[in-house]
Amino acid sequence: MSVIYGLIPGMILLGLVSVLIFFWAVRAGQYDDLEGPAHRILNDDDIDDHGSDEP
Amino acid sequence: MSKNNSPIEAAAICHHCGLPAAAASACDGLVAGELKHFCCSGCLAVCRVIHDSGLAGFYQRLRSQEKTLAPPPESPADMEQYDLPEVQQGFVRDLPDGRKEAHLLVEGIHCAACVWLIEKALAGLQGVVRAEVNLARQRLWLQWDPAQVSLSAVIRRLALLGYAATPFDQENAEGQMQRYNRRLLFRMGFAGFGAMNIMWISIALYAGSFSGIETEYKQFFHWVGFAIATPVLLYSGGLFLASAWRGLKLRHLTMDLPIAIGASVTYGYSLWRTLQGTGEVYFDTVVTFIFIILVGRYLEAMAKRNASSATLRLMELQPRMATRIIESGEERVSVRKLVPGDRLLVRPGDKLPADGRVLSGDSHVDESMLSGESYPQHKIAGSRVSAGTVNGEGVLTVAVEQIGSGTVLSRIIHLVEVAQGSKAKVQRLADRIVPWFVAATLLLALLTFGYWLRQDFDTALLVATAVLIITCPCALGLSTPMAVAVAAGAAARQGVLIRNGEALEGLSTVDHVVFDKTGTLTEGRMRVSRIYAVADVNENDLLRYAGAVERNFSHPLARAIVQEAERRGLGFAGTVQVQALAGMGVGGLVDGVQVWLGNARLMTQQGIALPAELAARQQQIENGMGVAVLLAAGGRVLGILCVEDRVREGARELVDLLRGQGIGVTLLTGDSRRAAEQLRQRLGEMHVAAEVMPEDKSREIAALQQQGRRVLMVGDGVNDAPALALADVSIAMGSGTDVSMECSDVVLMGSELRKVPYAIEVGRLTLRTIRQNLMLSLVYNAILVPVAMAAWVTPVFAAIAMPLSSLLVIGNAVLIRYRMNRFFSRQPEVVYQQRLQGGYST
């Protein structure tokens, strides 16, 4: 059972890493627009752009 | 006359924006070899540019999202000014590698297809390094290489695609708001991490309390809980602790106080138990509690779209550059460098840079933004002109009299600032209850402590703490943010944007509604509504003559007539000897026939007799809201074109509905008393305040407020801005100016008037839900506080009861969406249909 003395601090440490990643994401502006990116990924360039003339 | 006389025919859909293309401005055009319908020539032009740029995939993306656009907004005039260094210093940031960076407000972004179109089109522009669109806030973040492309070229490119872009100082406008939101998000994220981890510890402890656990491990788990809860309380909960402390110092009990007491007392008690090494701890409650409250706060902050300030938008109305006349010719100077006495050249279509007096020239100036007057004003030598208004067809030379803060525009800006500062804040229901709640809780805890002290100190402290913990301010703290977030989300789906959570509660208590006239109750656009031709003349022939002459002019009446002729697909004959007679009308030779268009004075001057029947018609039109344009050809009056700004659909039903609910209605307009009275006759009983200067509009609101009324202002123009800012609650039309939207609490995206009662109803429903939520948490307390006072609370009991109350409150808030759908799927339509079937006529 004494293994939990190592495992639980380890768990918290891993959690802290994810918190740091989260902080980075907020700072990088990932949470500024919660609507656009969800649609943007659907907007691939493979829809036939009317006669495929290059933009 | 019945409503059906309007020239609306079979519904065609605009190929670009998807709105009905049946209005007077509709037109057809060839795009990529196919004939398409458009609702206005703006849409046609935009569609052609999109096709010519090879970006036609935009339409496929658009349709796949089942969204409609709005017709393109007017693009900003005089874009070159944004390239000048002295103008750029306000909003452009220089990057170390010589590139530049700016944030732009973009008008006209509706959906993801717009994002794609803008990013794709700008990516094709040489020198644009980075262009990212923020859909939620309609911003463009731009980085470019000034050596290869100018900022004005980018803005012009956007204008061609149908988006109006203005650069702005992002840090100044919304830096504070953004920093607050980020701080909230950081704290929420950290509390979330704490909540997830402490949950495992709790599970272990609960399992241990049922199946037995060695004291050593139990102690260890307690200390781990302590290690997680401490930073969460200090960092995430610090927001509440600090705000509660500030409130206490100001002797002002806010919602943050019970939250701070609840969290810190629970924490303190748990810490004490941990140190003693006996009993149960509630670190998990502290952490989860803070997390859930922060989620509520964050949702509420998201519902608030308070991005840029209204005054910022107002400043944008004023051009930044002017053309000054000097001895050696003319020069372009920054508006800031102008001094009274300078002479300025104002070309057709330019905005006036300063207040002043016309020295020479003859033109019409569109002052609708300042005065609300729907017709352009005729300006000749000696007339006064105001900064920010738009010059019409002629060139004007203007002597500068007022600059900077002395202009009419600046006075409006000042009024808006004053009104926003003095606006009566809607007092939230929760804020009124909280002080009592806090006082009662503390008192009960004290009483309990005193009672149990007779037994022993330890028990007394334990039971008193239990009272404080069990009162669970969590449900109370969540009741408002959850309801606001859900209601704002559901309303947004109906095209009603709630920009301010407090406004929802304010809407429910409104007992007086003030409407602006032009652009709010009316469409704000001149159209040919009826044509009266003499017996032997056909309507289309009449219109063909009229269109042939009028298409040489840009006056709104002329534009309305030409649009109607184009809408009916009439061709125009060639016109020669076109002339305009100031104050009377226009004339020209069409196919060799002399045609005159204008008022009765013109006919008298030309010696053309007006038949009695048409004279009566003319009188009837002019007694109404319209303008009667007489048409004579070959020395004979052939008929009358009635041009008017139509009353918006549903305006009368809206006024009836409001009055039926006992809500007072006022019409507030800068237009003439006669025009206002006409509208009143059509819409039913209401108070009318006409010929009100923009500066006085807010005074009317203040007067109503002094009578104890809770005022809702509905408007659309720059001149409404101070009134919108001052009213208890305000609604802006989506077709209106950006300034009016920034001043308002609610924006109607579709400009449909029937969304006004909808918004009021959403407010009532939200308030009712908040009230129910508060009741729920009070009932919960009424049951559990006595239990706690009697020292009957066991840890398991508390663990079940406390989340239950929060869940009830959250669940009830989520129900708003269903109640709203249920209510609005029947209610307004039923009311409207009943009225329509009643078949009143105007």
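One can find the structure itself at the top, above this paragraph.
Residues numbered from 1 in each chain as written. Chains lettered and ligands numbered in written order. Predicted model: local features only at pLDDT ≥ 70, side-chain atom pairs only at ≥ 80, totals over all residues. Heavy atoms only, no water.

1. Points about the overall build of chain B
Part 1 of the argument: The helix and strand tally for chain B stands at 29 helices and 29 strands.
Part 2 of the argument: A burial count over chain B gives 55% of its 842 residues as buried.
Part 3 of the argument: In chain B, of all internal contacts separated by at least 6 residues, the share reaching a separation of at least 24 is 68%.
Part 4 of the argument: Just so you have it, chain B exposes about 35,700 Å², and 55% of that area is on carbon and sulfur atoms. (Helix = DSSP H or I, 4+ residues; strand = E, 2+ residues; numbered from the N terminus. Buried < 20%, exposed > 50% of the residue type's maximum accessible area, 1.4 Å probe, protein only. Contact = heavy atoms within 4.5 Å. Areas by Shrake-Rupley, 256 points an atom, 1.4 Å probe, with all protein chains shown as cover.)

2. Description of the overall build of chain A
Part 1 of the argument: In terms of regular secondary structure, chain A is built from two helices and zero strands.
Part 2 of the argument: By element, 65% of the accessible surface of chain A is carried by carbon and sulfur atoms, the whole surface being about 4,000 Å².

3. Let's talk about the interface of chain A and chain B
Part 1 of the argument: Each side of the interface is counted separately: chain A has 32 residues, and chain B has 39 residues.
Part 2 of the argument: Carbon and sulfur atoms supply 64% of the area that chain A and chain B bury against each other, a total of about 3,100 Å² over both sides.
Part 3 of the argument: Taken together, the connections running from chain A to chain B amount to one residue pair in polar contact (both at pLDDT 80 or more).
Part 4 of the argument: For the side of chain A that touches chain B, the elements supplying multiple residues, two or more each, are α1 (4–27) and α2 (36–40) of chain A.
Part 5 of the argument: Looking at the side of chain A that touches chain B, its residues break down into 15 nonpolar, seven polar and ten charged. (Buried area = accessible area lost by both parts, 1.4 Å probe. Polar contact = N/O pair within 3.5 Å; in protein donor to acceptor, adjacent residues only side chain to side chain. Nonpolar A, V, L, I, M, F, W, Y, C, P; charged D, E, K, R; others polar.)

4. Some thoughts on the sheet that holds strand β15 (residues 390–391) of chain B
All names here are of chain B.
Part 1 of the argument: The sheet built from three strands is open, its strands ordered β13-β12-β15 with antiparallel pairing. Edge positions in the sheet fall to β13 (377–379) and β15, since each has one partner strand and no second.
Part 2 of the argument: For strand β12 (residues 363–366) and β15, the ladder comprises two bridges, and the chain directions are antiparallel. Across the sheet, Val365 pairs through a bridge with Asn391, a residue of β15. (Pairing = 2+ DSSP bridges.)

5. Details of the packing of aromatic side chains
Part 1 of the argument: With the rule as written, the count across this model stands at 16 aromatic pairs over all chains.
Part 2 of the argument: Between Tyr5(A) and Phe220(B), the aromatic rings sit 4.6 Å apart at their centres with planes inclined by 70°, giving edge-to-face as the arrangement. Of this pair, Tyr5(A) sits in helix α1 while Phe220(B) is found in helix α7 (residues 215–236), placing the two residues in two different chains.
Part 3 of the argument: Overall, Tyr5(A) belongs to the partly exposed group, its relative accessible area being 32%.
Part 4 of the argument: Aromatic pair Phe23(A) and Tyr235(B): ring centres 6.5 Å apart, planes at 45°, arrangement tilted. Here Tyr235(B) lies in helix α7 and Phe23(A) lies in helix α1, a pairing that spans two chains. (Phe/Tyr/Trp six-rings, centres within 6.5 Å; stacked < 30°, edge-to-face > 60°.)

6. A short note on α1(A)
Residues spaced three or four apart along an α-helix face the same direction, because each turn holds 3.6 residues.
Residues and elements named next belong to chain A.
Part 1 of the argument: With 24 residues, α1 should cover 34 Å at 1.5 Å per step; its first-to-last C-alpha distance of 34 Å lies within 8% of that length.
Part 2 of the argument: Listed as buried for α1 are Ile4, Ile8, Ile12, Gly15, Val19, Phe22, Phe23, Ala25 and Val26.
Part 3 of the argument: Immediately beyond the C-terminal end of α1, within one or two residues, lies Gly29, with a positive phi of roughly 85°. (Expected span 1.5 Å × (residues − 1).)

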